[in-house]
Every structure is written in C-alpha cells, then in structure tokens.
Amino acid sequence: SLLLVPSASHMHMHTHIMFTHAHAHAHAYTHIYRPYSFRLGSDGQLQPVSIASDSTSLAGLPHNIRSRCTLLHNEVVCAVAINNHNKHVYTGGKGCVKVWDLMSQGSVIKTPLHTLECLGDSYIRSCKLLPDGRTLIVGGETNTLYMWNLVGGTPHIKAQLPSSATACYALAVSADGKACFSCCSDGSIALWDLNTQQLVRQLQGHTDGASCIDISSNTSTLWTGSLDKTVRCWDLREAKQVRQHDFNSQVFSLGYSPMEDWLAVGMESSNVEVLHVKGPEKYQLHLHESCVLSLKFSHTGKWFITTGKDNLINAWRTPYGASIFQVSESSSVLSCDLSIDNAYVVTGSGDKKATIYDVL
C-alpha cells in the first residue's frame, strides 16, 4: 500500500512522498566513484572537488552507523528529538509524541514509556527540547504550540502558545532556553518568550511557508529556509533580516555549523549546498536522489548528516562534503537528530517507525 504524508495545502514539501511497508534494511555503500562534490564558482559553474581517499579518516569523524533498534511508532514519524539528560527519544507523528528509552536493547521496541497526546488528528512537524532537558515544545499542523513538562513521573502540558498561523513546520530554541522560534506556514517566524509564554514579535520576509530553521550558539543570528527558494539570515538583536541567499529550488532543511561559519542547506531538487556565511566559498553535493528532508550538524561541526525521500542517510565532512558513509532505510527518512556526544543518531521514517543508530 502507498501512503502520503499529510500536509497543509500549500506546504507540499512532503505531499508526494510515497511510503512502502517493505522489510526494513540498512547497509553502507563504501565505494563511490562518480564525482559528487562540486565547488560552485561565482559564475555559477560547477568544478568537481578532488577528494583524497583518506579525507574521512580525520580524528573526530565517524566511520559508520549501526542500527541498534527500531521504535514502532505506528504513524509516519515527521519529527524526532534526543534528550541528552535523561536518555529519552521523542518521536512525533499523528496527534502525539511518543517517549522511548534511548538505551533500549532489542531489535524492535513496541511500547513507549509515555504517549504525549496534544494535536488530535493533526500531524506533528517538530519537537524541540529546552537545553536543560526538562521541557519539550511541540508544533505541527495546528495554530498552537504545546510546552510539555518532562519532570516527574508522567509528562504533562504546562503551557499552550496560540498563533495566527495555521501550522508550524519547524522550531528552534535559544541556547539559554529563554526563547523559541517557530517557522510558520504563512512564511513568518514567530519569536516566543518562554518565561512569559508570550509572542514577542514576528519576523516578516519569506513569501511562502518557512520550512526549516537553525540558530547560532550565541543566539545572535537566526537562519531560516523557505518554499520561496531562499535562506534568510536574521540579526536577533535588531530583529531584522541582514542577509538573503537565493537558490534554484525550494529549501526543505538547513543547519548552521556550531564551530565554524558554514551553513548547509537541503533542497527539494536533491542537492545539498554548503556555503561560507562570510565569504564566497560554496559547495554543491550530489549524493541524494530526491528531496533532502532533514539535516543535522554534529556538535563538533566537523560533519553533518542529511536524510531524504530516497530512503538515504548521508554523512558528510564539513565543508566540502567528502562522503563518510551512506545508509539506506526501507522508506523515506523524514527527520533525524544527533546526540550531543555524537554517539547516537535517531531517524524518523515514512515506514511508521524510528530507528536508533550507534555511531561507530
């Protein structure tokens, strides 16, 4: 049978993704012969990057990932998050977030620790933890964000944040845990004060749905991507747009390197682009065969992972994209997260499951 990921009407980044219920499998492709990394010149021409055979043997880079267990969420998993404090995993699907033990052993886990019901029949698009791991913020195809208190025996809703937008497609939280940023279906970026639980302002600029977001470690700069084929940089001290990057494709995912001035962007076209935010250096990476649905930098910034509609998980060296590993799942990989110690990867699948991987 085939299944389409539900979406708001104009947010068609997932609406043509087909999922099969085939037996799960994962394997690594260790030899890639065709050019896949290109330097993008100021004239728009692509020049292949010569990648040395030892380019991925640098200290601090992983060798591969190994699947440890499958979490049977039983709905398409559009969002995942790892809690580095209590070693829990959160998987967001239709109407609820399910909580699992990150250290679970066994090939298939069927029963979650908790189920957080909050969106009814609507799909969750993003769930983000505050830095202390005590609060989870959940957004999706509804006009309300939900704040969950994770402390104590059973998680409970501690606040609801209503918005004028019909949906939230991505969330970011400041490093101090005081602010939350929501990518809205109308293209605006909503800024919430989490202490007062009030909407502080809305950043206007995108002309179509805002699809992805990341924030600098010092919380001074915000990066947002959109279906309007742009990535915009916002100065949060002045609450204004300071830079814009135009692309030839809708932007589905992005990440800002925590250690250097590199921005990686995942495209509807299947390309990944890596650009230096203070200079002209830019790379284009060609190992995905379809939409790049999620992207996450390691916490060292030395490498990042992307996932796609093509069932693939790719790991790349920053910035020029030497391929570290490539793993195939059984269906589209909609979401991913990396633990803060870079020891675990979790992915969310169109196959109604999530997978916990150990990083090798």
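Conventions adopted
- Residues numbered from 1 in each chain as written.
- Predicted model: local features only at pLDDT ≥ 70, side-chain atom pairs only at ≥ 80, totals over all residues.
- Heavy atoms only, no water.
- pLDDT = per-residue confidence, 0-100.
- Contact = heavy atoms within 4.5 Å.
- Pairing = 2+ DSSP bridges.
- Helix = DSSP H or I, 4+ residues; strand = E, 2+ residues; numbered from the N terminus.
- Phe/Tyr/Trp six-rings, centres within 6.5 Å; stacked < 30°, edge-to-face > 60°.
- Buried < 20%, exposed > 50% of the residue type's maximum accessible area, 1.4 Å probe, protein only.
- Salt bridge = Lys/Arg side-chain N within 4 Å of Asp/Glu carboxyl O.

### Thoughts on the confidence of the model for the protein chain
1) Next: Averaged over every residue, the pLDDT of the protein chain is 91; residues scoring 70 or more account for 91%.
2) Next: Taken together, the stretch residues 1-30 has pLDDT below 50 and engages in 80 contacts with residues farther than four places along the chain or on a different chain.

### Digging into the sheet that holds strand 7 (residues 108-109)
1) Next: Spatial strand order, 7-3-31-30-29: five strands in an open sheet with mixed pairing. Looking along the sheet, the strands with just one partner apiece sit at the ends: strand 7 and strand 29 (333-338).
2) Next: By the bridge criterion, five bridges tie strand 30 (residues 344-349) to strand 31 (residues 354-359) in an arrangement that is antiparallel. Paired with T347 across the bridge in strand 31 is T355.

### Some details on the packing of aromatic side chains
For any pair of aromatic rings, the description rests on two quantities: the centre-to-centre distance and the angle between the ring planes.
1) Next: What the rule picks out here adds up to four aromatic pairs.
2) Next: Their ring planes at 20 degrees and their centres at 5.8 Å tell us that W223 and Y256 sit as a pair that is stacked. Of the two residues, W223 is situated in strand 18 (residues 221-226) and Y256 in strand 21 (residues 251-256); the sequence distance between them amounts to 33 residues.
3) Next: Taking relative accessible area as the criterion, W223 reaches 2% and is therefore assigned buried.
4) Next: A residue is classified by how much of its surface remains accessible, and Y256, at 15% relative accessible area, is buried.
5) Next: Taking 5.0 Å as the distance between ring centres and 45 degrees as the angle between the ring planes, the aromatic pair formed by F297 and F304 counts as tilted.
6) Next: Residue class for F304 comes out buried when judged on its relative accessible area of 0%.
7) Next: Aromatic rings pair up to connect F297, F304 and W316 into one cluster.

### Let's talk about the pattern of salt bridges
In a structure, side chains of opposite charge can pair up when their charged atoms sit close to one another.
1) Next: According to the stated counting rule, one finds eight salt bridges in the structure shown.
2) Next: A salt bridge links R125 to E141; the shortest N-O distance between them is 2.6 Å. Remark: E141 occurs in the loop between strand 10 (135-140) and strand 11 (144-149) and R125 occurs in strand 9 (residues 124-129); sequence separation between them is 16 residues. The pair formed by R125 and E141 is uniform in burial state, with each residue classed as buried.
3) Next: Its salt-bridge partner being K278, residue D261 comes within 3.5 Å of it at the nearest N-O pair. Within this pair, whereas D261 is found in the loop between strand 21 and strand 22 (262-267), its partner K278 is found in the loop between strand 23 (272-276) and strand 24 (282-285), the two being separated by 17 residues in sequence.
4) Next: For K278, a relative accessible area of 65% corresponds to the exposed category.

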